[in-house]
Amino acid sequence: MKRRDFLGYTGMAAMGAAASTALSGCSEDAPVVKFWQEGNFRPVTEEVTETSLKVEGSIPPELSGLYVRNGTNASSGVAEHFFGGDGMMHGVRLEAGEAKWYRNRYVDTPVYRQEAGGMGSPKPENTTSAVSLIYHGGELMSLGEFGYPYLINAEDLSTKGSFNYEGKLTGNMTAHPRIDPITGELLFFGYNVMEPYLTYMRADTNGNMLQVEPIKLTGPSMVHDFAVTENYVVFMEMQVRFSWFSAIAGSGLPFKWDDNAPCRFGVMPRTGTNADIKWFDIPSCFVFHVMNSFEQGDEVVVDAARYDHLWVKNSHDFFHPAHLSRFSMNMKTGKASVDRVYGHPMEFPQVNREYWTRDYRYGYSLAVDEENDGPEKAQQAEGGIRKYDLKSGEVDDWLPGVALEPGEPIFIPAADSSTEDGGYIASYVYDKNTQATAFCLFDATAISSGPIAKVHLPVRVPVGFHGVWVPDSALG
Ligand SMILES: [Fe+2]
């Protein structure tokens, strides 16, 4: 993908063009080794459908539905940034204890078809749609952070087309919306490099837009995720900002760490407006992902993967460990506090989504190898899957050794469970020795025991981002 095209898909082409004359001649250091073209970061070359899948162990017969995960997969073979490839979904269909199929499919966008690009006004349809998936309002949606969502057929992972809430979604949509498990409402936002820098939105359980609210930030920040509680939403304005210099001179994304930018969390009633936001100054940090959030007395609590800093050099710089940290905003005193929850690094936090927005006990994440953190050390890294008991402070780690590389752990509730951790963890686990991937299921009450079922795939599933479990009961 050409750099100019990538800026276009992220809605930044116009600004980049305007600045190019002034900043021509400047350059930033591109990494010598492009980690996203090596090991299990590199893209796969084919779309595959496989219906004869070897299963080791046993898949719980109660599980019928689709696990599907999104990620970048440059159809050209080369992208200018780890985040810059085309969206590709990898799905496994389970039926009553059997793995019926594995499929990988591109999200069929104008970018993938190479029908987009140029320096005109960026269109919201022109997104790579490569970050996550969510099921809401009777639709499986692929989300790319920039641009519109794309609707996906759960039956075969084919793309139906883009979706904009009957024209009410005016631009970008985050890849990290939240569903209120009680009301079924979808709460989300989009951010932009031009004002309004952030727009907050809500849709009802049927996918009808209820509210579109412009939010004032002090400048164009990268806002990957946000937090939702029973009564509030929390916007995170942090120090990775749109950079004119990077837009023109860099080799990656036009965002960079800015020491002079504020770091603050804004707490707003879910039905409120910009005027209702209480901003809390937070010690300098960056957050990609929130684990969960809830209210406790006068406090709004956000548990998240906290980085000390990010992208100080440029947007290829991923060498910073994140730690699970608790941000507490006191709505009465106006004071905020931050506490590290656990001493070892992690990323891709998840919970039982029936507990989204409410007080909870159990979280799940990738366990990150402290000695070999960062994608360029992936070959020697020993990662794993971790479960946190946030009430007792205990953790339960599955650490399979250097050969096995798990991805984001997604919680699947058991059919008859009345307990928060009664269910399963699903993850793609890549084997560096065989260069093949298995879809693995774990008992969520015994993570360190290892997988209870491994569905061996005939192919490699590259390192990717976020997935979802869609049970047949939701599909109707
Ligand atoms: Fe994410």
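Position numbers for residues start from 1 in each chain and track the written sequence from start to end. In view of the model being predicted, local features appear only for residues whose pLDDT reaches at least 70, and side-chain atom pairs are presented and counted only at 80 or more, with totals across whole chains, interfaces and linings using the full set of residues. Hydrogens and water are ignored here; the side-chain numbers use all heavy atoms of the structure.

- As annotated in an unreviewed UniProt entry, the protein carries the name Carotenoid oxygenase family protein and comes from Candidatus Marimicrobium litorale.
- UniProt positions are given in the numbering used here, feature names are shortened, and annotations may be inferred rather than shown by experiment. Word for word, the UniProt comment on the protein under Cofactor (unreviewed entry) is "Fe(2+)".
- Here the protein is described in UniProt, under the heading Sequence similarities (unreviewed entry), as follows: "Belongs to the carotenoid oxygenase family."

## What to know about the sheet that holds strand β18 (residues 264–269)
Reasoning step 1: Here, a strand pair is defined by DSSP locating no fewer than two bridges between the strands. Elements are defined by DSSP. Helices are runs of H or I of four residues or more, strands are runs of E of two residues or more, and each kind is numbered from the N terminus. Within the open sheet, the four strands sit side by side as β14-β15-β18-β19. Their pairing is antiparallel. Looking at the sheet topology across the chains shown, the edges are occupied by β14 (227–228) and β19 (278–281).
Reasoning step 2: Bridge analysis of β18 against β19 gives four bridges, and the strand direction is antiparallel. Considered in β19, the bridge of V267 is made with K278.

## Examining the coordination of the iron ion
Reasoning step 1: In this description, a donor is an N, O or S atom within 2.8 Å of the metal centre, a cutoff extended to 3.2 Å for sodium, potassium and calcium. Water is not part of the atom list, which can make sites seem incomplete. Coordination of the iron ion by the protein comes from H176 (NE2), H224 (NE2), H289 (NE2) and H466 (NE2), over a distance range of 2.0 to 2.1 Å.
Reasoning step 2: All geometry calls rest on donor angles, where a four-donor set with angles between 85 and 135 degrees is tetrahedral, four- and six-donor sets with opposite donors more than 155 degrees apart and all others between 65 and 115 are square planar and octahedral, and all else is irregular. For the iron ion, the four donor atoms in the first shell make angles of 91 to 162° at the metal, a pattern classed as irregular.
Reasoning step 3: Sequence spacing among the residues donating to the iron ion works out to H-x47-H-x64-H-x176-H. Separated by 65 residues along the polypeptide, H224 in the loop between β13 (209–215) and β14 and H289 in strand β20 (residues 286–296) bring together distant segments of the chain.

## Notes on the pattern of salt bridges
Reasoning step 1: Any carboxyl oxygen of Asp or Glu that lies within 4 Å of a side-chain nitrogen of Lys or Arg is treated as forming a salt bridge with it. Applying the stated criterion across every chain yields a total of 18 salt bridges.
Reasoning step 2: The salt bridge involving R178 is made with D225; its shortest N-O contact spans 3.0 Å. Note that R178 is positioned in strand β10 (residues 178–179) and D225 in the loop between β13 and β14, a separation of 47 residues in sequence.
Reasoning step 3: The cut-offs for exposure are 20% and 50% of the maximum accessible area for each residue type, with area from a 1.4 Å probe on protein chains only; residues under the lower value are buried, those over the upper are exposed, and the others partly exposed. Taking the relative accessible area as the measure of exposure, R178 reaches 7% and is therefore buried.
Reasoning step 4: According to the relative accessible area criterion, D225 is buried, its value standing at 1%.
Reasoning step 5: Its salt-bridge partner being K332, residue D298 comes within 3.5 Å of it at the nearest N-O pair. Taken together, the residues span a long stretch of sequence, with D298 in the loop between β20 and β21 (299–307) and K332 in the loop between β22 (322–330) and β23 (336–340) at a distance of 34 residues.
Reasoning step 6: Residue D298 is classed as partly exposed on the basis of its relative accessible area, which comes to 34%.
Reasoning step 7: Among the charged side chains, a salt-bridge network with shared partners connects R93, E95 and D472.

## A short note on the side chain of S132
Reasoning step 1: Mapped onto the fold, S132 is located in strand β6 (residues 132–136).
Reasoning step 2: Pairing of N or O atoms within 3.5 Å defines a polar contact, subject to two protein rules: one partner must be a possible hydrogen donor and the other a possible acceptor, and residues neighboring in sequence count only if both atoms are side-chain atoms. Among the polar contacts listed, one links the side chain of S132 to the backbone oxygen of A175, at a separation of 2.6 Å.
Reasoning step 3: In this structure, S132 is in contact with N70, M141, S142, L143, A175 and H466, ignoring residues within four places of it in sequence. Between two residues, a contact is recorded if the distance between any of their heavy atoms is within 4.5 Å.

## Topic: the environment of R358
Reasoning step 1: Tracing the sequence through the fold places R358 in the loop between β24 (346–350) and β25 (362–367).
Reasoning step 2: Taking C-alpha positions, R358 is 18 Å from T205, a pair spaced 153 residues apart along the chain.
Reasoning step 3: Apart from the residues lying within four places of it in its own chain, the contact partners of R358 are D180, I182, E230, N292, S293 and F294.
Reasoning step 4: Among the polar contacts listed, one links the side chain of R358 to the side chain of T357, at a separation of 2.4 Å.

## Notes on empty space enclosed by the protein
Reasoning step 1: Space inside and on the surface of the protein is sampled on a 1 Å grid over the protein atoms alone, with a cavity defined as a set of points where a 1.4 Å probe fits but cannot get out and a pocket as an open set with protein on both sides within 12 Å along at least 5 of 7 lines; lining residues have an atom within 4 Å of a point. Grid points are joined across faces, edges and corners, and a volume is the space filled by probe spheres set on the points. The final tally for this structure, using the stated rule, is three cavities of 30 Å³ or more.
Reasoning step 2: Within this model, the second largest cavity holds a volume of roughly 180 Å³.
Reasoning step 3: Along the wall of the second largest cavity there are 20 residues; nearest its centre are H176, R178, Q350, R353 and W356.
Reasoning step 4: Residue assignment for the lining of the second largest cavity shows that the elements contributing at least two residues are β6, β20 and β24.

## Concerning the pairing of β25
Reasoning step 1: Burial runs high along β25: six of the six residues are buried.
Reasoning step 2: As paired strands, β24 and β25 are joined by three bridges and run antiparallel to one another. The partner of E347 across the bridge, within β25, is L366.
Reasoning step 3: The sheet contact formed by β25 and strand β26 (residues 384–389) spans six bridges and is antiparallel. Within β26, the position partnered with A367 by the bridge is G384.

## Here's the deal with unusual backbone geometry
Reasoning step 1: Looking along the chain, the bond that leaves E195 and enters P196 is cis, with omega of -5°.
Reasoning step 2: Tracing the backbone shows P196 in the loop between β11 (186–191) and β12 (198–203).
Reasoning step 3: A positive phi angle, close to 50°, is found at S129, a residue other than glycine.
Reasoning step 4: Relative to the helices and strands, S129 resides in the loop between β5 (98–106) and β6.
Reasoning step 5: In this structure S129 comes out as buried when scored by relative accessible area, which is 0%.

## Let's talk about the packing of aromatic side chains
Reasoning step 1: Only Phe, Tyr and Trp rings are paired, with Trp represented by its six-membered ring, and only when their centres lie within 6.5 Å; those with planes under 30 degrees apart are stacked, over 60 edge-to-face, the remainder tilted. Going through the model one piece at a time under the given rule, you end up with 29 aromatic pairs.
Reasoning step 2: Look at F294 and Y360: their rings are 6.0 Å apart centre to centre, the planes differ by 75°, and that puts the pair in the edge-to-face class. Taken together, the positions of F294 in strand β20 and Y360 in the loop between β24 and β25 put the pair 66 residues apart, joining distant regions of the chain. Residues F294 and Y360 agree in their burial class; the two are buried.
Reasoning step 3: Within the aromatic cluster, the residues linked to one another by ring pairs are F35, W36, F41, F82, F83, F286, F288, Y307, W311 and F465.
Reasoning step 4: Whether a charge lies above a ring is judged from NZ of Lys or CZ of Arg, which has to be within 6 Å of the ring centre and within 35 degrees of the ring normal. A cation over an aromatic ring shows up here: R264 above the ring of W279, its NZ or CZ 3.7 Å from the ring centre.
Reasoning step 5: For K387, the ring lying beneath its charged end belongs to Y362, and the centroid distance is 4.4 Å.

## Describing the confidence of the model for the protein
Reasoning step 1: The predictor's confidence in any single residue is recorded as pLDDT, a number from 0 to 100. For the protein, per-residue confidence averages 91 on the pLDDT scale, and 91% of positions sit at 70 or higher.
Reasoning step 2: Below a pLDDT of 50 lies the segment residues 11–27, which in the model reaches 29 contacts outside its immediate sequence neighbourhood of four places, other chains included.

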